[in-house]
Amino acid sequence: MKAVKRIFKVILWVIGIFVGLVAILLLSVWISGGNTPEGETKIAKKGWAEIGGVRQGYFIRGEDERNPVILFLHGGPGSPEIAMIKDTELEKHFTVCYWEQRGACMSFSPDIDPATMTPEQFVEDACQMTDSLRSWFGVDKVYLVGHSWGSYLGIKTIEKYPERYYAYIGIGQVCNQLKSERLAYDYLMGEAGKAGDMKTVQALETYDKNAPDFPSNDYLLSVRTNAMNKYGVGIKHKDMPMLSVAKDLFYYRGYTFNEKLNFLRGSLLSLDMFHQIIENDLFRSSTHFEIPVYIL
């Protein structure tokens, strides 16, 4: 009799897990309508454009088409940020285009040639996206904003095509990424040590910041990202687990369920570009600009 009860409990437990997973899947599909949330801004458009031979997605948000236009370059590489944006104050004064770069989320395709995933190609893509905005809104120039990886792309774009932009605004500006990664390593080691967080200290100690392959993908995707978010120097400058980012993505109604899956696939596809720029010291390679540059 006891054995039968145990078997019955196991069956109920398995059924409960199955029902829970199905419920999560259905909830995700239900909240993944793929339409831009209405009511937040008067202009709320989701679309695609053929850029550099690849179908690339974008969101355009704002209050008045007569406002100046911003092209926003997201970070990552391969990590669009619109799902994390909560404060739309900027959109009251500007019409903002959140372009999803080649291979990222809405712009992901398994048919993209990995050989085209280069900073040089992305500069050309950014120029074409800019020209589309200039044509759509009937303006000669737009503002360019770049965050993290997008700030590297932004600098390289205004160097080659300054005549298309009023000004460039860099957020979390990439300048010398290899030096930045080594400084971050030292900072995280120090903070974890002061906090008595030996788990993080030991995890960091498994990597040599002076090794030729530093920072490796394994380091970037594990201990570095987790520790930066834990000690307040991550994406949102506060103690925030990566689960919070995943939650923002999960609940964002602007993406379809398949696009949310492609967010992850696109991040992995784009990761190699991080290593293509790691040793480029912009303090040496980018020292003169023809338009105003602001750093936030």
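Note that the structure is a prediction, hence the values are computed from the model and not measured. (Residues numbered from 1 in each chain as written. Predicted model: local features only at pLDDT ≥ 70, side-chain atom pairs only at ≥ 80, totals over all residues. Heavy atoms only, no water.)

A.B. asks: Please set out helix H4 (residues 149-160) residue by residue, giving values where relevant.
C.D. replies: Counted at 1.5 Å a residue, the expected span for H4 with its twelve residues is 16 Å, and the 17 Å between its end C-alpha atoms agrees. H4 sits mainly inside the fold: ten of its twelve residues count as buried. For H4, the set of buried residues is Trp-149, Gly-150, Ser-151, Tyr-152, Leu-153, Gly-154, Ile-155, Lys-156, Thr-157 and Ile-158. (Helix = DSSP H or I, 4+ residues; strand = E, 2+ residues; numbered from the N terminus. Expected span 1.5 Å × (residues − 1). Buried < 20%, exposed > 50% of the residue type's maximum accessible area, 1.4 Å probe, protein only.)

A.B. asks: Residues and numbers for unusual backbone geometry, please.
C.D. replies: A cis amide bond links Gly-76 with the next residue in sequence, Pro-77, at an omega value of -5°. When you line up the elements, Pro-77 lands in the loop between strand E3 (69-73) and helix H2 (90-93). A cis amide bond links Phe-214 with the next residue in sequence, Pro-215, at an omega value of -5°. Its identity is not glycine, yet Cys-105 carries a phi of approximately 50°, on the positive side. Tracing the sequence through the fold places Cys-105 in the loop between strand E4 (95-99) and helix H3 (119-137). Judged by its relative accessible area of 1%, Cys-105 falls in the buried class. Of note, the phi angle at Ser-148 is positive, near 55°, even though the residue is not glycine. Tracing the sequence through the fold places Ser-148 in the loop between strand E5 (142-147) and H4.

A.B. asks: Any details on the sheet that holds E4? Residues and values, ideally.
C.D. replies: Paired through backbone hydrogen bonds, the strands of a sheet run either parallel or antiparallel to each other. Taken together, the seven strands give an open sheet; going across it, the order is E1-E2-E4-E3-E5-E6-E7, and neighbouring strands pair in mixed fashion. At either margin of the open sheet sits one strand with a lone partner, and together these are strand E1 (43-51) and strand E7 (293-295). When the angles between neighbouring strand axes are averaged without regard to direction, this sheet yields 20°. Two elements, E3 and E4, share five bridges in a ladder whose sense is parallel. Looking at E4, one finds that Val-69 is bridged to Thr-95. (Pairing = 2+ DSSP bridges. Axes fitted to C-alpha atoms, helices over the stretch in contact; angles between N-to-C directions.)

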